[in-house]
Every structure is written in C-alpha cells, then in structure tokens.
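Residue-level structural notes
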Amino acid sequence: MRLLAILAALLLAMPAVAQEHDLHAPWDGILGKYLSEHPDGVNRFDYAALRNASADRAVLEDYIVTLELAAPSQMGEDEAFAYWANLYNAVTVRLIVQEAPDNSIREIRPRLWSIGPWGVDRVTVEGEDLSLDDIEHDIMRPGFEAAMVHYAVNCASIGCPNLKPTAWRAEGLEADLEAAARAYVNSPRGVAVTEDGLVVSRIYRWFREDFGDSEHGVVEHLLRFAEPELAAAIEANPNIAGHAYDWALNRP
C-alpha cells in the first residue's frame, strides 16, 4: 500500500508539461501518420486514408472524448490555448472524415441557409455544448492574443494557415505561433506582391479588428513577420489592393 501511495504522489507531482504531452500524444500520432508537408508550402491531410482506417478513427474519437473530459478552466494560459487549438483542429479533421465533402468544408451545410458547418454544436466541455464558432470566436479570440489564434486553428482549407504537424503545447507555444505566423505571411496565401499593391489573405479582412482594425494595422502586423525581401516590398507599396482565399480542401 505504501508503494502505491508513493507512485500516486509521484504522478501528481509530474510537471504540467509532461501531463500535457500525454494528453495530446494521440493527436501527434494521427498527424504524424496522415499529415504531409508539400513543396508548395501547404500541409495536406489525407482524410480519405483516415476514413478507411477504423482503428485510427477510433483513436481520434477517443482523443476528442478525452479532451471533452478535461478542465481547461483549470489550466494555465498557454496550456489552455494549446488545448483549445488542438480540440478545434481535431474536431475539424473528424468532421471532414465523417462528412466527406467533395471539394470544400463549406459544402457541409447542416441547415439549408448555412454556409459551412461551424455553427453546430460538436463537443461538450465542462458541461457546455460548443460549436467550432464557439471555440474560435467566443473562447479563443477574446481570451488570448486574437491575431495569433488565426495561425493556430485550421479550417481544412488550402487558404488557411497550415495545420501544425504536431500538437500544440504550452512548452514553446510562443515560438511555435510565431513560426506559424511567419510561414503564412511569407507564403503567397498570406501576402502576394503585385504592381498595384498587396493581395493579402481574406483572414486579414474578415477579422480586421484582430489586426489593428485598419489597413495600417494589417500592414504593421504583416511587417512583424515578413522576411526582409517581403518587408522591403511591403514598405515600398503598403497599399492593400485585394484579398484572396482558397477554400479547396487541404488534401493531397
């Protein structure tokens, strides 16, 4: 009995990072098996392969259930951010696998008047039914640095910032978010330089309030992450001439 008590005490004393690592290990496994980095810079998920792998689908389902049983309100800020981002991304992958849209997540329309599946409750956390919209817009954007949330959640589309190849975690979160933002801003999906000015992702228009709430604020945000060559081009002509976004599924 004394040995069991000692083991229990050691488990309780484990660092939070180690516990978090165990929590998200199944998601690491799914991403490692089905997500691939392509030369065009877009990380692509093989939804069809996962759809045909019942054992791995069960792993994904169990992982989501495990997250539903967790208590993010009791987590530290970075751990909670990682929790919500991983939950959002795992639920989105499950949705695409279940519904099998032909070309885009927007084809999933639970209601005739809806465009996309984001407003329907998908999980229950701490007794509250939540949709993907709830997680992103009611929990993450108000509770954390809103601009950086957009680089963490993935809507299964090519135009979106990449789905991270490993789970988000509290350890190294700031550096990982900055790397994700830098990768997106410096890709044509984030910013393209034209003779007329900049063509930037529609994310910077849809959620302009998260990026300074002005064209100037968006430009300043882009300069924060732009590599020297892109930064020079932005500074030479900081006019935003248009917006673009590719809703095609981020699949191989």
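Above this text you will find the structure in question.
In what follows, the accompanying structure is described. (Residues numbered from 1 in each chain as written. Predicted model: local features only at pLDDT ≥ 70, side-chain atom pairs only at ≥ 80, totals over all residues. Heavy atoms only, no water.)

1. Here's the deal with the packing of helix α10 (residues 215-225) against helix α11 (residues 228-236)
- Packing of α10 against α11 leaves a shortest axis separation of 9 Å and a crossing angle of 160°. Of the possible angle classes, the one that applies to α10 and α11 is roughly antiparallel. You can see that α10 and α11 cross each other, and the crossing is left-handed. Along the contact surface, α10 presents Val219, Leu222 and Leu223, while α11 presents Ala231, Ile234 and Glu235. (Axes fitted to C-alpha atoms, helices over the stretch in contact; angles between N-to-C directions. Helix = DSSP H or I, 4+ residues; strand = E, 2+ residues; numbered from the N terminus. Parallel < 35°, antiparallel > 145°, perpendicular 65-115°, else oblique. Left-handed = near helix turned anticlockwise from the far one by under 90°. Contact = heavy atoms within 4.5 Å.)

2. Details of the sheet that holds strand β7 (residues 240-244)
- Pairing within the open sheet is mixed, and its 3 strands lie in the order β5-β6-β7. Among the strands making up the open sheet, the edge pair consists of β5 (191-194) and β7. For this sheet, the mean inter-axis angle between neighbouring strands, taken without regard to orientation, is 25°.
- When β5 meets strand β6 (residues 197-201), the two strands line up antiparallel, connected through 4 bridges. Residue pairing for β6: valine 191 is matched across the bridge by valine 200. (Pairing = 2+ DSSP bridges.)

3. What to know about helix α4 (residues 54-68)
- Along its 15 residues, α4 runs 21 Å from first to last C-alpha, staying within 8% of the 21 Å computed at 1.5 Å per residue.
- The complete set of buried residues in α4 reads Asp56, Leu60, Tyr63, Ile64 and Leu67. All buried residues of α4 fall inside an arc of 95° around its axis, so they share one side. Turned more than 90 degrees away from the buried face of α4 sit Ser54, Ala55 and Asp62, all of them exposed. (Expected span 1.5 Å × (residues − 1). Buried < 20%, exposed > 50% of the residue type's maximum accessible area, 1.4 Å probe, protein only. Arc of directions from axis to C-beta.)

4. Quick word on the environment of serine 201
- Residue placement: serine 201 occurs in strand β6.
- Separated by 90 residues in sequence, serine 201 and arginine 111 have C-alpha atoms that sit 27 Å apart.
- Among residues more than four places away in sequence, those in contact with serine 201 are Gly159, Tyr184, Arg189, Gly190, His243, Ala244 and Tyr245.

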